[in-house]
Amino acid sequence: MAMACKSWLLRVIGWPLLLTLLASPFLLLQMGANGLVYRWYAPLWLLAALVGGQLLSIALQRLHVALSDTKLWRGNRLRRLSPMAKGWGQRLGGMALILLLLALPFLPGVGRYPIDLATSVLIYVLLGLGLTIVVGWAGLLDLGYVAFYALGAYGYALANQLWGLSFWWGLPFSALIAAVAALLVGLPVLRLRGDYLAIVTLGFAEMVRLVLINWQSVTGGPAGLGGIARPSLFGISFSNSPNAGQIAFHEWLGVEFSTLQRIVFLYLIILLLVGMVYGALRRLRRLPLGLAWEAVREDEVAAVSLGLNVTRLRLAAYMVGASLAGIAGCFFAARQGFISPESFTFNESVLVLAVVVLGGLGSQAGVVLAAMLLVLLPELLRDLADYRLLLFGAAIVWVMVKRPGGLIRQPRPDLLAAAQGRVGEEAS
Amino acid sequence: MSLVDCPAVQAVTAAAPLLRVEHLTMRFGGLVAVNDLSLSAAAGQITAVIGPNGAGKTTLFNCLTGFYRPSAGQLWLQRDGQPIPLHRLHRHQFAARAGIARTFQNIRLFGQLSVLENVLVGLHRPLMRASLGCVAGMLRLKSFRRAYADGLMTAVQLLEEVDLLADAARPAEELSYGAQRRLEIARALATNPRLLCLDEPAAGLNPSEGKALASYLRALPTRRQLGILLIEHDMGLVMGISDQVIVLDHGQKIAEGTPAAVQQNPAVIKAYLGEAV
């Protein structure tokens with residue numbers, strides 16, 4: 001009872017409070033006509049909206065449970081029900097969240113900086129989701145995840161410069177490059193026990209970085225590559241002076257040119273990418289493949305005895321994770337317009353790994369929260385920049401000691417309940 | 001060549017044993033764990049392998065289930081009238097191609113997965129095939145949803161048989177020791193095996209759990225048309241449910257026969273109790 005009460009409080013008060021605290025720096029200050037305006041009441045609106053939303057979602061969930069037949073599984077009934085049904089309380093909550101995120105850049109008082117920051121957070125969410133497949137689900141410790149991020153970024157940048165590949169074709173191209181690299185690295189290594197993988201991936205990431213630095217003629221060396229094509233929207237460019245054959249967005253819409261337009265567009269692209277990946281992974285986790293990955297993580301020997309091809313499963317996890325990093329790299333290159341090896345150091349691998357560990361191994365919602373914390377906090381606490389790593393370390397130690405499952409521990413899905421449309425009951 | 005030797009005739013008669021081990025030898029460096037061992041196990045029967053510690057029982061099991069590659073000898077499993085050479089299969093093909101499933105002496109469950117998910121992993125191959133390399137699964141095509149619901153039904157039935165349905169949503173690591181042993185058997189059965197290898201299934205069970213296990217195992221071979229190969233130290237269980245008992249000592253077979261015959265065998269008594277003084 002005490003536990004249930006605690007989780008209820010956390011849901012209604014705890015999470016909204018945390019999100020409000022994170023968001024309040026952006027909401028408190030607004031650029032007015034004559035300088036900064038201080039709006040002390042803005043965070044309270046957000047808090048009220050979040051608490052209200054949570055209460056509504058809980059009420060809908062209760063209603064749904066009360067309305068649905070909660071009797072135990074009986075006879076052949078399972079057959080007629082969809083095995084992956086979702087409660088509509090959950091569905092409405094998800095939709096509201098998506099709408100809020102889509103509307104974020106257009107809300108009054110949200111300027112360039114918060115949108116840019118949100119874009120950074122979403123890049124790390126994408127990276128974290130990819131790495132959570134490798135580390136959280138398949139249980140492979142990858143210390144060189146940034147290598148695939150770099151390959152995706154350079155892959156798109158070079159293909160764009162050599163063949164004029166556009167951003168939208170660059171996304172699958174980068175994913176493919178990263179996946180092929182993962183195949184080549186993984187094939188000899190994944191046959192071995194997991195510990196070797198950590199060493200090899202660490203070395204691979206360093207190799208990639210050193211090649212990028214030293215292969216001057218192709219990668220531009222430490223100076224990096226510039227002039228990478230920005231994303232366009234069906235031939236509509238977001239630059240002031242578009243290339244031949246392209247229309248400029250501001251002319252097309254008949255408004256004044258502003259770089260804010262491009263920043264919002266980039267935010268919407270990464271939001272779309274992250275949303276799609278998040279949804280796809282949610283499904284994947286329930287599929288036989290996702291289950292098999294977790295089985296291999298839990299006990300390789302038992303998995304083999306049940307006929308699972310462990311090497312192939314690991315390779316698949318490694319490649320899927322790498323291709324997501326490739327996609328993130330492609331977006332990163334297109335967003336910056338300039339890339340250099342400096343962006344792909346070991347520190348990046350550690351940061352993404354910290355996102356995954358802090359969020360709770362394998363927990364998707366945890367990855368989102370941890371990415372927010374780890375990217376936003378250093379921004380907010382710029383004065384404490386020197387102590388950033390110290391704080392990271394302390395946070396990870398705290399998580400390991402107090403919440404070994406991570407900030408958000410993903411509960412096992414109750415498949416039978418899901419099959420009968422009884423989801424959401426565990427919350428009560 | 002007599003008619004009985006003809007492979008085609010052998011295949012249709014019950015005379016062809018489910019499992020044939022021929023001159024199996026397993027060496028670890030200088031140690032010979034199994035030495036020129038030949039034995040067979042019949043379908044629809046429980047064959048027990050007993051022997052003192054270090055007799056080579058678990059080594060035999062590990063060869064049969066693909067965890068070791070035999071140093072010498074051949075292993076054949078009869079499936080659908082075809083003998084399958086086990087000694088040529090890759091590790092993960094033992095469950096799929098030959099239909100051999102096993103449990104482990106020290107329980108090996110997927111601890112953080114739920115009880116139901118543990119059994120679903122046993123159904124990996126049919127479910128994976130239905131999901132068409134995840135395409136049908138990601139799109140939630142009707143064919144996959146139906147196959148998935150069928151898989152859930154199979155898993156539910158298996159859990160009901162071992163009396164674990166009420167715990168379906170709990171993580172496997174939370175189960176009691178006896179329940180974990182039962183779950184391991186259910187998970188192995190989910191692969192729909194022809195030969196089920198049980199490595200000390202009664203170890204650590206209390207007497208009433210042991211009794212329940214005995215009656216469950218006794219009924220399994222006929223109900224599911226499979227053979228059981230059983231390693232067990234609990235002689236009460238072995239003698240109570242086995243159709244045939246094979247006794248190993250120092251990697252060699254020293255006796256074979258019905259439980260009653262084996263119990264009277266002087267070589268067996270000597271192996272277990274030592275030479276009379």
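**Q** Which parts of the structure should I look at to understand a positive patch on the surface?
**A** A surface patch of like charges, here positive, comprises A:Arg312, B:Arg97, B:Arg125 and B:Arg129. As for its placement among the helices and strands, B:Arg129 is situated in helix H5 (residues 124-130). Look at B:Arg129 and you get exposed, because its relative accessible area is 57%.

**Q** Even after reading the chapter, I still don't get the sheet that holds strand E5 (residues 82-85) of chain B, so can you show me in this structure?
**A** Pairing between the strands of a sheet comes from backbone hydrogen bonds, and it takes one of two forms, parallel or antiparallel. Residues and elements named next belong to chain B. Pairing is antiparallel across the open sheet formed by four strands, whose spatial order is E2-E1-E4-E5. In the strand order of this sheet, the two ends are held by strand E2 (31-41) and E5, each with one partner. Here the strands of the sheet are splayed against their neighbours by 25° on average, with no regard to which way each runs. Pairing between strand E1 (residues 19-28) and E2: seven bridges, direction antiparallel. Pairing of Arg20 across the sheet is with Ser40, part of E2. Seen against the sheet, helix H2 (residues 57-64) touches E1, E2 and strand E4 (72-79) and runs at an angle of roughly 115° to E1.

**Q** Hey, could you run me through the interface of chain B and chain A in this one?
**A** The partner chain A presents 38 residues to the 44 residues of chain B that form the contact. Each partner contributes to the roughly 3,900 Å² buried at the junction of chain B and chain A, and carbon and sulfur atoms together form 71% of this total. Sorting the residues of chain B by area buried against chain A places B:Met138, B:Arg140 and B:Met153 first, and these three jointly supply 16% of that buried surface. The shortest N-O distance in the salt bridge between A:Asp299 and B:Arg108 comes to 2.8 Å. Linking chain B with chain A are four residue pairs in polar contact (both at pLDDT 80 or more). Secondary-structure elements contributing two or more residues to the side of chain B that touches chain A are strand E6 (100-102), helix H4 (115-122), H5, helix H6 (135-138), helix H7 (142-161) and helix H8 (177-190) of chain B. With nine residues, the single largest contributor to the side of chain B that touches chain A is H7(B). Counted by class, the side of chain B that touches chain A contains 25 nonpolar, nine polar and ten charged residues.

**Q** Sorry, what's going on with the pairing of E4(B) here?
**A** Residues and elements named next belong to chain B. With five bridges joining them, E1 and E4 adopt antiparallel strand pairing. Considered in E4, the bridge of Val21 is made with Leu75. With four bridges joining them, E4 and E5 adopt antiparallel strand pairing. By the bridge assignment for E5, Gln78 is matched with Pro83. Here E4 folds back onto E5, and the loop between the two strands holds two residues, one of which, Asp80, carries a positive phi near 50°.

**Q** Mind showing me how you'd approach the packing of helix H5 (residues 112-137) of chain A against helix H11 (residues 259-286) of chain A here?
**A** Each packed pair of helices is defined by two parameters, the angle between the axes and the distance between the axes. All names here are of chain A. Taken N-terminus to C-terminus, the directions of H5 and H11 make an angle of 25°; their axes are 9 Å apart at the nearest point. The pairing of H5 with H11 is recorded here as roughly parallel in orientation. The chirality of how H5 crosses H11 is left-handed. Residues belonging to the contact of H5 with H11 are distributed by class as follows: 20 nonpolar, two polar and three charged.

**Q** Would you mind going over a nonpolar patch on the surface with me for this structure?
**A** The grouping of A:Trp8, A:Leu9, A:Ile13, A:Leu17 and A:Leu55 at the surface amounts to a nonpolar patch, some 440 Å² of accessible area in total. With four residues, the single largest contributor to the nonpolar patch is helix H1 (residues 2-28) of chain A.

**Q** Explain the sheet that holds strand E8 (residues 227-231) of chain B to me, please; I cannot follow it from the model alone.
**A** Residues and elements named next belong to chain B. Across the sheet, which stays open at both edges, the six strands sit in the order E6-E7-E8-E3-E9-E10 with mixed pairing between neighbours. Whereas interior strands pair on both sides, the edge strands pair on one side only; in this sheet they are E6 and strand E10 (252-257). Mean inter-strand twist for the sheet, computed between neighbouring axes without regard to direction, equals 20°. Each of E6 and strand E7 (195-199) is contacted by H8, which is oriented at about 160° to E7, the strand it contacts most.

Quick notes on the rules
Residues numbered from 1 in each chain as written. Chains lettered and ligands numbered in written order. Predicted model: local features only at pLDDT ≥ 70, side-chain atom pairs only at ≥ 80, totals over all residues. Heavy atoms only, no water. Patch = residues over 30% accessible without salt bridge, like charges linked within 9 Å, V, L, I, M, F, W, Y side chains within 5 Å. Areas by Shrake-Rupley, 256 points an atom, 1.4 Å probe, with all protein chains shown as cover. Salt bridge = Lys/Arg side-chain N within 4 Å of Asp/Glu carboxyl O. Lys, Arg positive; Asp, Glu negative; His and termini not counted. Charge placed at Lys NZ, Arg CZ, Asp CG, Glu CD. Helix = DSSP H or I, 4+ residues; strand = E, 2+ residues; numbered from the N terminus. Buried < 20%, exposed > 50% of the residue type's maximum accessible area, 1.4 Å probe, protein only. Pairing = 2+ DSSP bridges. Axes fitted to C-alpha atoms, helices over the stretch in contact; angles between N-to-C directions. Contact = heavy atoms within 4.5 Å. Buried area = accessible area lost by both parts, 1.4 Å probe. Polar contact = N/O pair within 3.5 Å; in protein donor to acceptor, adjacent residues only side chain to side chain. Nonpolar A, V, L, I, M, F, W, Y, C, P; charged D, E, K, R; others polar. Parallel < 35°, antiparallel > 145°, perpendicular 65-115°, else oblique. Left-handed = near helix turned anticlockwise from the far one by under 90°.

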